[in-house]
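A closer look at the structure
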Amino acid sequence: MERQESSENGRESNEGISVKEENILNFLDSVDGYLILMDSLSSTLRQGWLELASARHSMGASRINSTLFDHKLHPASTTLQVNEQSAGPDRELPHFTLCKWASSNNPEKYFEEAKFGEDELLKKSNSLRHRDISHNSGNVCFPTFRFDCLGKMTRDQGFDLEALGSISMRVLKPVTNPLEMVVEISNMRASLLCAYDQVQKDMETATK
Amino acid sequence: MYGFEAMTFNIHGGYLEAIVRGCRSGLLTASDYNNLCQCETLEDIKMHLSATEYGPYLQNEPSPLHTTTIVEKCTLKLVDEYKHMLTQATEPLSTFLEFITYGHMIDNVVLIVTGTLHERDVQELLEKCHPLGMFDSIATLAVAQNMRELYRLVLVDTPLAPYFSECITSEDLDDMNIEIMRNTLYKAYLEDFYRFCQKLGGATAEIMSDILAFEADRRAVNITINSIGTELTRDDRRKLYSNFGLLYPYGHEELAVCEDIDQVRSVMEKYPPYQSIFSKLSYGESQMLDKAFYEEEVKRLCLAFEQQFHYGVFFAYMRLREQEIRNMMWISECVAQNQKSRVHDSVVFIF
């Protein structure tokens with residue numbers, strides 16, 4: 001009898017240990033994934049800076065400089081959605097999703113957002129210079145890059161012509177990967193923190 | 001008459017030709033570039049440049065040095081040399097020297113207009129303008145609402161006024177129209193410069209025709225490649241090509257309908273001077289095209305110094321200095337960003 005109880009206790013403690021080890025392994029995996037993503041982001045950004053210098057070298061400093069950035073208010077072409085996902089009985093894990101403009105999966109949403117952007121732009125713009133949008137049938141052209149859900153530039157009107165001479169598509173590729181990487185890092189960090197919480201709880205339970 | 005410049009050129013142009021040939025000997029050599037490419041920091045670059053003609057311009061710059069500071073000081077040296085030559089020049093050399101700066105003037109006009117459109121401060125924009133392209137009323141560009149006003153208020157009194165006839169519309173200035181305006185102005189400028197050189201005749205006409213034709217052809221290729229996949233129509237693209245050059249007119253007709261880089265390649269390979277450029281590129285690649293064009297340009301500019309008694313040496317010197325400044329900029333950026341493995345990607349050796 002005593003042997004049975006001790007074997008049952010042993011089995012339970014073995015299972016408890018394996019669950020704890022699993023939590024620690026999850027935590028270490030999360031840390032590893034996080035560090036790999038950070039390294040990858042750092043490398044991509046480094047490459048981006050050199051590409052920018054290459055564009056400036058090719059096209060001249062007067063054409064590639066900070067004046068290309070618009071100080072006027074624009075609706076964001078890329079937004080971040082934060083959802084809560086269940087990660088256990090008492091836990092919720094934040095999940096980040098990148099929503100890009102001109103999603104081919106949701107053309108109605110694109111036009112709604114574009115119309116919203118157009119209205120906001122007309123209200124907020126104080127400059128007498130404005131783009132003639134009357135013939136654009138609701139599609140608003142912004143001097144920003146626009147991407148489809150695959151992260152590739154779309155052939156939206158307005159942007160493409162701006163690429164003629166203003167920014168050479170040959171020498172300055174759009175920086176889409178870092179945005180996706182940052183979101184991935186955020187999700188990885190959330191799961192890392194969740195795994196760390198779990199490991200901490202296990203340690204507290206063990207000390208008690 | 002061609003061939004008799006030796007008898008009369010030195011009366012008005014001899015001193016300045018000697019000056020510009022002396023300045024040419026101050027251009028950085030391959031060994032200078034090799035030393036610069038091995039620098040670890042921007043301070044090392046400054047130290048190496050202290051032994052060159054850039055030394056006096058950089059010696060008082062405080063640490064930490066920035067890449068834009070190096071470019072700015074190198075450009076200042078070029079501007080000083082140019083101004084010295086301009087003040088000493090008589091007609092028609094003075095007009096020729098002024099023509100060299102009109103390209104920078106166009107870039108400055110577009111910079112001011114674009115920056116104002118993006119609600120940037122005028123003073124900030126003026127600081128970014130190229131010094132060779134400055135003119136008195138440049139700050140007034142910020143008040144113009146459309147191209148008509150741009151012309152009427154500011155540009156009518158500048159050398160760019162004749163180039164605006166094709167641009168004047170009442171359309172609002174926006175990013176699209178500004179780019180079309182830039183390319184149209186530059187086309188008109190190149191054609192006017194070409195006509196002026198043809199009128200000068202002699203060795204100047206011969207040498208400058210070759211250099212300007214290459215410039216026009218390079219622009220045509222760049223406009224074609226950059227407009228592939230955009231809404232620019234074939235007719236609009238064709239209108240931006242200059243009306244001279246090796247590619248004019250049949251090459252332009254073929255380039256106007258190109259839909260990808262390989263079609264551009266097949267058009268250009270029909271012209272022997274450009275076969276060597278495109279043979280260096282692999283299919284579908286265009287990143288190295290700029291460097292290939294720069295190398296070809298430098299070759300032609302260096303050849304201008306092989307002949308005497310013409311104005312082409314002045315243009316060639318200015319362009320070679322600008323190439324040198326581009327090299328300095330690239331080397332500085334690679335050193336500052338710790339990317340020395342890429343330093344030879346874009347450096348074009350002059351000698």
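Going by the annotation in an unreviewed UniProt entry, the name recorded for chain B is V-type proton ATPase subunit, with Forsythia ovata given as the source organism. The UniProt entry for chain B carries the following comment under Subcellular location (unreviewed entry): "Vacuole membrane".

Under the annotation held in an unreviewed UniProt entry, chain A carries the name Vacuolar ATPase assembly protein VMA22 and is attributed to Forsythia ovata.

With that settled, consider helix 14 (residues 261–268) of chain B. All names here are of chain B. Inspection of helix 14 places Val264, Arg265, Val267 and Met268 among the buried residues, and these make up the whole buried set. Buried residues along helix 14 cover an arc of 160° about the axis, so they all sit on one side. Those residues of helix 14 that are buried lie in contact with helix 11 (202–227), helix 13 (250–256) and helix 15 (272–279). Capping the start of helix 14, Asp260 holds a side-chain oxygen 3.0 Å from the backbone nitrogen of Asp262, two or three residues further along.

All names here are of chain B. Look at helix 11 against helix 14: their axes get within 10 Å of each other, and the N-to-C directions meet at 160°. Here helix 11 is positioned roughly antiparallel relative to helix 14, judged by the angle of their axes. Viewed along their axes, helix 11 and helix 14 form a crossing whose handedness is right-handed. The residues of helix 14 that touch helix 11, namely those facing Val221, Thr224 and Ile225, are Ile261, Val264 and Met268. By residue class, the composition of the contact of helix 11 with helix 14 is five nonpolar, one polar and no charged.

This next bit is on the confidence of the model for chain A. All names here are of chain A. Residues of chain A with pLDDT of at least 70 account for 51%, and the chain-wide mean is 66. Element-level mean pLDDT values for chain A span from 38 in helix 3 (residues 159–162) up to 86 in helix 4 (residues 177–207). A low-confidence stretch, residues 103–175 (pLDDT under 50), is modelled with 153 contacts involving residues beyond four sequence positions or located in other chains.

Moving on to helix 15 of chain B. All names here are of chain B. Those residues of helix 15 that sit buried are Tyr274, Ile277 and Phe278. Down the axis of helix 15, the sector holding all buried residues measures 90°, keeping them to one side. Along helix 15, the residues that are exposed and aim more than 90 degrees away from the buried face are Pro272 and Ser279. As for helix 15, its buried residues are in contact with helix 11, helix 14 and helix 16 (289–304).

Attention now moves to the state of the cysteines. All names here are of chain B. One pass over the full model with this rule turns up zero disulfides over all chains. Distance from the sulfur of Cys37, which forms no disulfide, to the nearest cysteine sulfur (Cys334) is 8.2 Å. A relative accessible area of 6% means that Cys37 is categorised as buried.

Thresholds, definitions, all that
Throughout, residues of each chain are indexed from 1 in the direction in which the sequence is written. Here the convention is simple: chains get letters from A, ligands get numbers from 1, in the order in which they are written. Since the coordinates come from a predicted model, pLDDT governs what is reported: local features require at least 70, and pairs of side-chain atoms require 80 or more to be given and counted, while whole-chain, interface and lining totals use all residues. Working from all heavy atoms in the structure, the side-chain values ignore hydrogens and water. UniProt positions are given in the numbering used here, feature names are shortened, and annotations may be inferred rather than shown by experiment. The buried label goes to any residue with under 20% of its type's maximum accessible area, the exposed label to any with over 50%, and the partly exposed label to all in between, with areas taken from a 1.4 Å probe on protein chains only. Helix numbers and strand numbers start at the N terminus; a helix is a DSSP run of H or I with at least 4 residues, a strand a run of E with at least 2. For this quantity, the arc is that covered by the directions from the helix axis to the C-beta atoms. Contacts were defined at the residue level, with two residues in contact if any of their heavy atoms lie within 4.5 Å. Here a polar contact means two N or O atoms within 3.5 Å. Within protein one must be a hydrogen donor candidate and the other an acceptor candidate, and residues neighboring in sequence count only if both atoms are side-chain atoms. Axis definition: a line fit to C-alpha positions, over the contact stretch in the case of helices; interaxial angles, taken between N-to-C directions, run 0 to 180 degrees. An angle below 35 degrees is read as roughly parallel, one above 145 as roughly antiparallel, one from 65 to 115 as roughly perpendicular, and any other as oblique. Two helices crossing with the near one rotated counterclockwise from the far one by less than a right angle form a left-handed crossing, whereas a clockwise rotation gives a right-handed crossing. Asp, Glu, Lys and Arg are counted as charged, while Ala, Val, Leu, Ile, Met, Phe, Trp, Tyr, Cys and Pro are counted as nonpolar; the rest, among them Gly, fall into the polar class. Each residue carries a pLDDT score, the predictor's confidence in it, ranging from 0 to 100. To count as a disulfide, a pair of cysteine sulfur atoms needs to be within 2.5 Å.

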